[in-house]
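Letter by letter, the chains look like this.
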There are 2 protein chains.
Amino acid sequence: MPYFDAASSAPLHPVARQALLAALDEGWADPARLYRDGRRARMLLDAARETAAEAVGCRADELVFTPSGTQGVHLGVLGALAGRRRVGDRLVVSAVEHSSVLHCAEVHEASGGTVDQVGVDRLGRVDPEVFAAALTEGTALACLQSANHEVGTVQPVAEVAAACREAGVPLFVDAAQSLGRMPVPEGWSLLAASAHKWGGPPGVGLLAVRKGVRHVPPLPRDERERGRVPGFENVPAIVAAAASLRAVREQAATESDRLSALVERIRTRVPELVPDVEVVGDPARRLPHLVTFSCLYVDGEALLTELDRAGFAVSSGSSCTSSTLTPSHVLRAMGVLSEGNVRVSLPSGTTEEDVERFLGVLPGVVRGVREQLGAPTGEPGPRPTAGEEAALVLDTLGRRCPIPVIELANRIREVRAGSVVAVLSDDEAARLDVPAWCEMRGQEYLGERPAADFGADRGSAYLVRRVEE
Amino acid sequence: MPYFDAASSAPLHPVARQALLAALDEGWADPARLYRDGRRARMLLDAARETAAEAVGCRADELVFTPSGTQGVHLGVLGALAGRRRVGDRLVVSAVEHSSVLHCAEVHEASGGTVDQVGVDRLGRVDPEVFAAALTEGTALACLQSANHEVGTVQPVAEVAAACREAGVPLFVDAAQSLGRMPVPEGWSLLAASAHKWGGPPGVGLLAVRKGVRHVPPLPRDERERGRVPGFENVPAIVAAAASLRAVREQAATESDRLSALVERIRTRVPELVPDVEVVGDPARRLPHLVTFSCLYVDGEALLTELDRAGFAVSSGSSCTSSTLTPSHVLRAMGVLSEGNVRVSLPSGTTEEDVERFLGVLPGVVRGVREQLGAPTGEPGPRPTAGEEAALVLDTLGRRCPIPVIELANRIREVRAGSVVAVLSDDEAARLDVPAWCEMRGQEYLGERPAADFGADRGSAYLVRRVEE
């Protein structure tokens, strides 16, 4: 079964598996102990730290291992904020950071701090000048990912780092998606990553803190990991993480090129094979292994279920697949379509055949889901109603994504060109998807008004003017 | 090489190894995902949670997995304190809790809370009535370990739990040393444990929180582990932890009896084989696998080094082996000798032959270390000085444990019975070891005074009256 969700978790790399098995025998003892088994565990831990530090580009004593990438982020961000408390309480983050960074921002705000989110363009990229302008007095920390985990867009970290340096603000870089696949960006003050994203075992993250960066650990200190990460070190998993990081970095130049060509193929072919698709994210400055597209008139969960039945594991940023019932904050910040969203992220070793099979299956799967939902088929719609002056009101209250957009697409031809359709909806995804549909379809999005203006008791009205075709 | 430090970390149980290997293949994917590999990981995680909950004696939805036992303690204690903030800010802990609990207490105190440490008797046991009396108004949480990790003494958890229930105070129980070896004590509100202590892999702890106990997670929440433990779940290690917990619990009744008999043999034989030894901890209400003794006139680090050379891995609570240069807080709270301290903790499967070999080697090793240090040999000391009125002053300033006690033992006979010797020392261990030596030797300990009273510029004077022999 082709597994196309490497950005969530990569299968264990063979090198990691081998190193883990060996280290379970050699590195199970407490590395703080002085007897033979303890000294051996310590040596393995030290060697793993050297390897990881070399990959990150820092000194071994600047790097600690954490129990996960998420905890690397939490300990890094909260620790840096605590360390700079005297400077100020402003935290600057991009709007498309991983949820682990944004969760820290929420905690920071809840405890009285201020958070400034820097927006992104339609490709998901921050503007370094806009980011630099946000680094005002009292800024304790700035956070910018190396590359986005949902759409693959690579961020201008070096430019932002230069601005941070000039402003005297430390920069935290979440490198979870890029470490092991691309060079580490220059200029970070703190950096975190996650082993199971590069083929290491779960249970290992890393946090690097440059010498001189103030960091007050948010959890109680013990004698482990320089006082930054409490708890018994997971030496076998750390050894496996370091060994696989070295292995994937050695393969990275060739493997990244190969995967990048496969991703390029998906980026090009999906819009040719499937009508009404928007491929999102930066087409050039992007991760090698990840591509995301959204399919109009498609329910994300149904799409994932059908792809799973066809043997493909992918993920989605659609609201209809998440437990929170809101569309991905990344797609929202980009202002792109969220319905029918599919993220394809290729693990090392993905073959051309796997990708071709996916491209072969996808069009039929999308068509099937659209038919079930009664989506527009591309045939001419009902004829325009003549002499109409008032807007057509489509009441989709209580119906969830992608129904509001399907209704709009099916019925906009009932009004003549120049007239306005109001879509009433209480699904948050509509706020993103109605404008995105207009953009894709060349229709004019006029904005949002309370649905009460149209006699409804809840929700919003999204106004669209039909444009002559 | 016989490994006698199971209380630090147990070697991986064969069942854990087998389960880990299988789960690396079956459970590597993200359990939050809906595709086949994700659902399989979720099923494994759910099954492991059921197994662990059954072992702990709680509902599956009351138990979360943490990245270590230490984080189980940190998240449990800090979360319960935060959840009861409105009730008060008092934290009651026993004086012999694991450092992870005491580190939480330090953090709590540093942030303005109050901490009440309940002392223990010479066996390391809290008095339930004294503990109950500490549960005054405004007590947010009480902490009591199931059994002590350094001396093996089992605490009266059920009695203390009853007092807590009456006072309306939740009780946190650190069950790290007992889970998998003994029944879980009744009456806990929160409970934590650590997999690598029972033969599971490192990287897994557990935290159980009874329904109705208020708990505010101290780290940012995500959708993992009921919002209590952020970060990608380490499913393979969790599966291995649960499988081995079930396995050791099935063997526990017979294996604990067997190990307990071996420990009993060590408790009996060591004082017969080695002069000037104090076996510490409760002789009856104790962990089955753990025994601790202290050897007068011995440097703990030298002892560990020699035992390691002889092929035995043990640990020590002596100041001379720790990085902090202070004796174990547990031995200090008990008021027992800390010098030459050895903790022997037997992993499952330890043989009678292993123990006999240890008992064969120990006397020679202790004798060797004592000879190197010039310790008393048990032969008559120098004759008493006649007509002496003033105290003999032994200046051991700048010299570390066990030298002050060796000096005292070597020279106390220079004064006549009834006279006083003052030992000047700036080593914190002397505060514990001089009184402990007096207790063991039948000498009268008079107390501590500033060394300045004896003309020194630093340190303390420990006063001992020579008793007629």
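Keep in mind that what you see is a predicted model, and the values were worked out from it rather than measured.

1. Regarding the overall build of chain A
Right, on to step 1. Looking only at helices and strands, one finds twelve helices and 14 strands in chain A.
Right, on to step 2. Computed over the C-alpha atoms, the radius of gyration of chain A is 25 Å, within 12% of the 23 Å expected from 2.2 N^0.38 for a compact globule of 469 residues.
Right, on to step 3. Across its three principal directions, the C-alpha atoms of chain A cover 90 × 55 × 35 Å.
Right, on to step 4. Taken over 469 residues, chain A has a buried fraction of 61%.
Right, on to step 5. Considering only intrachain contacts with a sequence separation of at least 6, the fraction spanning at least 24 residues in chain A is 73%.

2. Quick look at the environment of Pro14 of chain B
Right, on to step 1. Structurally, the position occupied by Pro14 of chain B is in helix α1 (residues 14-26).
Right, on to step 2. As a C-alpha pair, Pro14 of chain B and Arg42 of chain B span 28 residues in sequence and 24 Å in three-dimensional space.

3. Details of unusual backbone geometry
All names here are of chain A.
Right, on to step 1. Each neighbour pair has its own omega, and for Cys401 with Pro402 the value is 5°, a cis peptide bond.
Right, on to step 2. The backbone phi angle of Asp276 is positive, close to 60°, even though this residue is not glycine.
Right, on to step 3. Tracing the backbone through its elements, the reader meets Asp276 in the loop between α7 (235-273) and β8 (277-280).
Right, on to step 4. Given a relative accessible area of 22%, Asp276 falls into the partly exposed group.
Right, on to step 5. Look at Tyr297: it is not a glycine, yet its phi comes out positive at around 65°.
Right, on to step 6. With respect to the secondary-structure elements, Tyr297 resides in the loop between β9 (290-295) and α8 (300-309).
Right, on to step 7. Since its relative accessible area comes to 2%, Tyr297 is described here as buried.

4. Describing the nonpolar core
Right, on to step 1. Core analysis: the biggest nonpolar cluster contains 122 residues, and Leu206 of chain A together with Leu206 of chain B have the highest contact counts within it.
Right, on to step 2. Once residues within four sequence positions are removed from consideration, Leu206 of chain A is found in contact with Ala52, Val56, Leu63, Val64, Phe65, Thr66, Gly72, Leu179, Leu191, Ala192, Ala193 and Trp198 of chain A.
Right, on to step 3. Core analysis: the second largest hydrophobic core is formed by 48 residues, Val73 and Val213 of chain A together with Val64 and Val213 of chain B among them.

5. Re the pattern of salt bridges
Residues and elements named next belong to chain B.
Right, on to step 1. The final tally for this structure, using the stated rule, is 68 salt bridges over all chains.
Right, on to step 2. Among the ionic pairs, Asp426 bridges to Arg458, the shortest N-O distance being 2.7 Å. Of this pair, Asp426 sits in the loop between β12 (420-425) and α12 (429-441) while Arg458 sits in the loop between β13 (444-450) and β14 (460-465), placing them 32 residues apart in sequence.
Right, on to step 3. Judged by relative accessible area, which is 34%, Asp426 ranks as partly exposed.

6. Notes on the relation of the copies chain A and chain B
Right, on to step 1. When chain A is fitted to chain B, the best match, at an RMSD of 0.1 Å, comes from turning it 180° and sliding it 0.0 Å along the axis. The superposition operator between the copies reduces to a two-fold rotation axis.
Right, on to step 2. A shared interface surface links the copies, since 100% of the contact residues of chain A are contact residues in chain B too.

7. Examining the packing of aromatic side chains
Right, on to step 1. Scanning the entire structure with this criterion turns up ten aromatic pairs over all chains.
Right, on to step 2. Summarising the aromatic geometry, the rings of Tyr3 of chain A and Tyr35 of chain B are spaced 5.8 Å apart at their centres and angled 80° between planes, so their arrangement reads as edge-to-face. Of this pair, Tyr3 of chain A sits in the segment before α1 (14-26) while Tyr35 of chain B sits in the loop between α1 and α2 (36-56), each in a different chain. Across the pair, Tyr35 of chain B and Tyr3 of chain A agree in class, each one buried.

8. Section: the domain arrangement of chain A
Residue and element names in this part refer to chain A.
Right, on to step 1. Under the domain assignment used here, chain A contains domain 1 (14-248), domain 2 (270-373) and domain 3 (392-465).
Right, on to step 2. The C-alpha centroid of domain 3 is placed 23 Å from the C-alpha centroid of domain 2.
Right, on to step 3. Of the roughly 1,500 Å² buried between domain 2 and domain 3 on both sides combined, carbon and sulfur atoms contribute 65%.
Right, on to step 4. Considering only the side of domain 2, the residues that lose the most area to domain 3 are Tyr297, Glu339 and Leu373, jointly responsible for 32% of the buried surface there.
Right, on to step 5. Our count for the domain 2 to domain 3 interface comes out at two salt bridges.

Calculation rules
- Once a new chain begins, its residue numbering starts again from 1 and follows that chain's sequence as written.
- Labels are handed out in written order, letters beginning with A for the chains and numbers beginning with 1 for the ligands.
- The predicted origin of the model limits local features to residues at a pLDDT of at least 70 and limits the giving and counting of side-chain atom pairs to 80 or more, whereas totals for whole chains, interfaces and linings rest on all residues.
- Excluding hydrogens and water, the side-chain values take into account all heavy atoms of the structure.
- Secondary structure elements follow DSSP: runs of H or I no shorter than four residues count as helices, runs of E no shorter than two count as strands, and numbering proceeds from the N terminus.
- Radius of gyration: over C-alpha atoms. The globule rule applied is 2.2 Å multiplied by the number of residues raised to the 0.38 power.
- To sort residues, take the accessible area from a 1.4 Å probe on protein chains only and compare it with the maximum for the residue type: under 20% means buried, over 50% means exposed, and anything in between is partly exposed.
- We call two residues in contact when some of their heavy atoms are within 4.5 Å.
- Put simply, a nonpolar core is a bunch of buried Ala, Val, Leu, Ile, Met, Phe, Trp, Tyr and Cys residues held in one set by side-chain atoms that sit within 4.5 Å of each other.
- For salt bridges, the criterion is a side-chain nitrogen of Lys or Arg within 4 Å of an Asp or Glu carboxyl oxygen.
- Only residues with pLDDT of at least 70 in both copies contribute their C-alpha atoms to the least-squares superposition of the copies.
- Two aromatic rings from Phe, Tyr or Trp, using only the six-membered ring of Trp, form a pair when their centres are within 6.5 Å; if the ring planes differ by under 30 degrees the pair is stacked, by over 60 it is edge-to-face, and anything between is tilted.
- As annotated, the domain borders come from an automatic or database domain assignment.
- Computed with a 1.4 Å rolling probe, the buried area is the accessible surface lost when two parts are put together, summed over both parts.

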